[in-house]
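Spelled out from the first residue to the last, the chains are:
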Amino acid sequence: MPVPIHHEPLSGKTGLRWWIAQLLLAAPVFAAAAAATQTPSLQVLHWWTSASERRAANVLAAHLGEEGVEWKDGAIPGGAGLGAGKVLRSRVLAGNAPDATQIIGVSIGEWAELGLLLELDNVATAGKWDKALFPTIRTLVQHRKHVVAAPLGIHRINTLFYNRKLFARLNLSPPTSWNEFELVARRLRAAGIAPLEQSSEPWQVATLFENLVLAESGPEYYRELFVRQSPQAAADARLTEALQRLRSMKSWMLNPAEELPWTDAVKRFARREAAMFVMGDWARAELNEMGYATDDEFACATMPGTDKYHLYSVDTLAMFAGDYAHQAAQEKLARLVVTPSVQQQYNAAKGAVPVRRDADPATMDNCARASWKAFGRGAAAQAPSLVHRMAADEESRDAIIAEVHRFYIDDSIPPADTQRRLGAILRTLNLRTHTRAGP
Ligand code: BGC
């Protein structure tokens, strides 16, 4: 049976997309051999490799097992899925797509546009996803009016972790403005404590940066810059401010130049080597996993200036259709991950919050409850994370992150230079989008 290509013919101008389609059409149908096996199983590619991420993946695997389907784990290390995205591409090019994969945000539409993803409309209708899911989530898992991914949980990226015990000892409150941040940081330093933990891994620097852009401007300008990618937005004074703030925050960091995986950065924060840490709320699950309960040793607040907003990353599982040999098992997985009890268990382990509007806030800790409520305020309060592919595709994300990282590393680069370069990048990306759209 041919590999399904559902949508319009792919234009000759689409580069990688075109090649992928050609290779898939020419390749022997993947998974045909696997279909012959006795116990149904699904190969699942993802990037959940830390202790808490593993625990959350195990929740899904256990539930799938109860339904008689084996979860064959394909974990690719690399925070924010940097490695997993590349492995996925090369596997698909080699005609060896996984059955299910963690792909998120804009990437979902890219794979769906190639006609490679299983449509999950029946599962969504039976599970009444339409009513159950937050509107933003509903939109996120759809492509050309078909549901093509199953949503797992919502992470909040504008999370400021602080060491509650250190703060209490010094009689400090978590900062809600930049003035307060400076005051708190000064007090911590005077007490011999490094104010802020930060790794210089590019995606982690960009995490801080996207927070600063949101704090400086709110979701509307944030979208103009990262979603609509307007070159004019790159010249805006609000971006100058965000870049300057990024540079000035280096002076409060434990070690601004050190590249650490996020898991090691969490450990440093846990060991009280620094009193604050900006990271997606999966770090909370990791702290819990290390034995630190929420609101005991540590607590979470929002980044100064972003309290009203939710900078989000949503985890989703998409299924590669292949020759449809695994469709029944794939549909089981899609169905079960959205059920209320799996949502509750998975998200408690993952540090995320349910994608369902009818979730019970009483089952959540304070960080989760605040996140779920903030997300529930709707699109005007929500900002899609650039780093986690919610705002733009992988190429745009990588190009912007590289530029921001250069600025962060090299103090001699003036903000205006970085803004000019970002403007040029956005102009080029716009050209590409128009070329893709055709004449
Ligand atoms: C994912 C999370 C994951 C984090 C760290 C994010 O892109 O949404 O599930 O825990 O990256 O790797």
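Scroll up to find the structure this text is about.
Here goes a summary of the coordinates provided. Keep in mind that what you see is a predicted model, and the values were worked out from it rather than measured. (Residues numbered from 1 in each chain as written. Predicted model: local features only at pLDDT ≥ 70, side-chain atom pairs only at ≥ 80, totals over all residues. Heavy atoms only, no water.)

**Examining the packing of helix α13 (residues 237-249) against helix α19 (residues 394-409)**
Between α13 and α19, the shortest axis-to-axis distance is 9 Å and the interhelical angle comes to 45°. Of the possible angle classes, the one that applies to α13 and α19 is oblique. Here α13 runs over α19; the crossing is right-handed. Each of L243, L246 and R247 in α13 lies in contact with α19, whose residues at this interface are V404, F407 and Y408. A breakdown of the residues in the contact of α13 with α19 according to their chemical character gives five nonpolar, no polar and one charged. (Axes fitted to C-alpha atoms, helices over the stretch in contact; angles between N-to-C directions. Helix = DSSP H or I, 4+ residues; strand = E, 2+ residues; numbered from the N terminus. Parallel < 35°, antiparallel > 145°, perpendicular 65-115°, else oblique. Left-handed = near helix turned anticlockwise from the far one by under 90°. Contact = heavy atoms within 4.5 Å. Nonpolar A, V, L, I, M, F, W, Y, C, P; charged D, E, K, R; others polar.)

**Section: the pairing of strand β11 (residues 310-319)**
The element β11 is largely enclosed, with a buried count of 10 among its 10 residues. Along β11, one buried face is formed by H310, Y312, V314, T316 and A318 and the opposite face, lined by L311, S313, D315, L317 and M319, is buried too. As paired strands, strand β3 (residues 100-102) and β11 are joined by three bridges and run antiparallel to one another. Within β11, the position partnered with A100 by the bridge is M319. (Buried < 20%, exposed > 50% of the residue type's maximum accessible area, 1.4 Å probe, protein only. Pairing = 2+ DSSP bridges.)

**Quick look at the packing of helix α16 (residues 327-338) against helix α17 (residues 340-350)**
A pair of packed helices is captured by two measures, namely the crossing angle of their axes and the spacing between those axes. As a packed pair, α16 and α17 sit with axes 5 Å apart at the nearest point and diverge in direction by 75°. With respect to their mutual orientation, α16 and α17 come out roughly perpendicular. Packed against α16, whose contacting residues are L336, V337 and V338, the element α17 presents P340, V342 and Q343 at the interface. Residue composition of the contact of α16 with α17, grouped by class: five nonpolar, one polar and no charged.

**What about the site of the ligand?**
Around the ligand, the surrounding shell holds 14 residues, and the nearest of these are E53, A80, D315, K350 and H388. In this structure, W48 approaches the ligand through a side-chain N or O atom, which is 3.1 Å from an oxygen atom. For the ligand, whose free accessible area comes to 310 Å², the fraction covered by protein is 100%. Within the shell around the ligand, the residues separate by chemical class into six nonpolar, five polar and three charged. (Near = heavy atom within 4 Å. Polar contact = N/O pair within 3.5 Å; in protein donor to acceptor, adjacent residues only side chain to side chain. Areas by Shrake-Rupley, 256 points an atom, 1.4 Å probe, with all protein chains shown as cover.)

**Structural notes on the packing of aromatic side chains**
Following the criterion strictly, the structure yields 14 aromatic pairs and no others. Between F134 and F375, the aromatic rings sit 5.3 Å apart at their centres with planes inclined by 70°, giving edge-to-face as the arrangement. On the criterion of sequence distance, the pair formed by F134 in the loop between α6 (129-132) and α7 (135-140) and F375 in helix α18 (residues 366-375) is long-range, its members being 241 residues apart. A single burial state applies to F134 and to F375, both of which are buried. Through a chain of ring-to-ring contacts, the aromatic side chains of F134, Y312, W372 and F375 assemble into a single cluster. Seen from the ring of F407, R247 lies directly overhead, with NZ or CZ sitting 3.7 Å from the centre. (Phe/Tyr/Trp six-rings, centres within 6.5 Å; stacked < 30°, edge-to-face > 60°. Lys NZ or Arg CZ within 6 Å of the ring centre and 35° of its normal.)

**Description of the pairing of strand β7 (residues 159-163)**
Residues in a regular strand project their side chains so that they alternate between the two faces of the sheet. Of all five residues in β7, five are buried; the element is thus mostly enclosed. Covered by surrounding structure in β7 are T159, F161 and N163 together with L160 and Y162, the residues of both alternating faces. Where β7 meets strand β10 (residues 298-302), five bridges bridge the pair, whose relative direction is antiparallel. Looking at β10, one finds that F161 is bridged to C300. Examined bridge by bridge, β7 and strand β9 (residues 274-278) share three bridges and lie antiparallel to one another. Residue L160 lies in a different strand from β9, and its bridge partner there is V278.

**Concerning the state of the cysteines**
The final tally for this structure, using the stated rule, is one disulfide. The disulfide bridge from C300 ends at C367, spanning 1.8 Å between sulfur atoms. You can see C300 sitting in strand β10 and its partner C367 sitting in helix α18, a full 67 residues away along the chain. What makes C300 partly exposed here is its relative accessible area of 22%. Judged by its relative accessible area of 9%, C367 falls in the buried class. (Disulfide = S-S within 2.5 Å.)

**Let's talk about the pattern of salt bridges**
Applying the stated rule across the entire model yields 26 salt bridges. The partner of E67 in a salt bridge is R335, and the shortest N-O contact between them spans 2.6 Å. Here R335 lies in helix α16 and E67 lies in the loop between α2 (51-66) and β2 (70-75), a separation of 268 residues in the sequence. Note on R335: relative accessible area 38%, which makes it partly exposed. (Salt bridge = Lys/Arg side-chain N within 4 Å of Asp/Glu carboxyl O.)

**Regarding α19**
Within an α-helix, residues lying three or four positions from one another point in the same direction, as the helix has 3.6 residues per turn. With 16 residues, α19 should reach 22 Å at 1.5 Å per residue; the first-to-last C-alpha distance of 22 Å fits that figure. Taken residue by residue, α19 has E394, S396, R397, I400, I401, E403, V404, H405, F407 and Y408 as its buried positions. (Expected span 1.5 Å × (residues − 1).)

**Considerations on the sheet that holds β9**
On the basis of which strands lie adjacent, the open sheet formed by four strands has the order β8-β9-β7-β10 and mixed pairing. Of all strands in the sheet, those with a lone pairing partner are β8 (194-197) and β10, marking the two edges. Averaged over all neighbouring strand pairs, the angle between strand axes comes to 25°, with direction disregarded.

Purely geometric numbers; function is a separate question.
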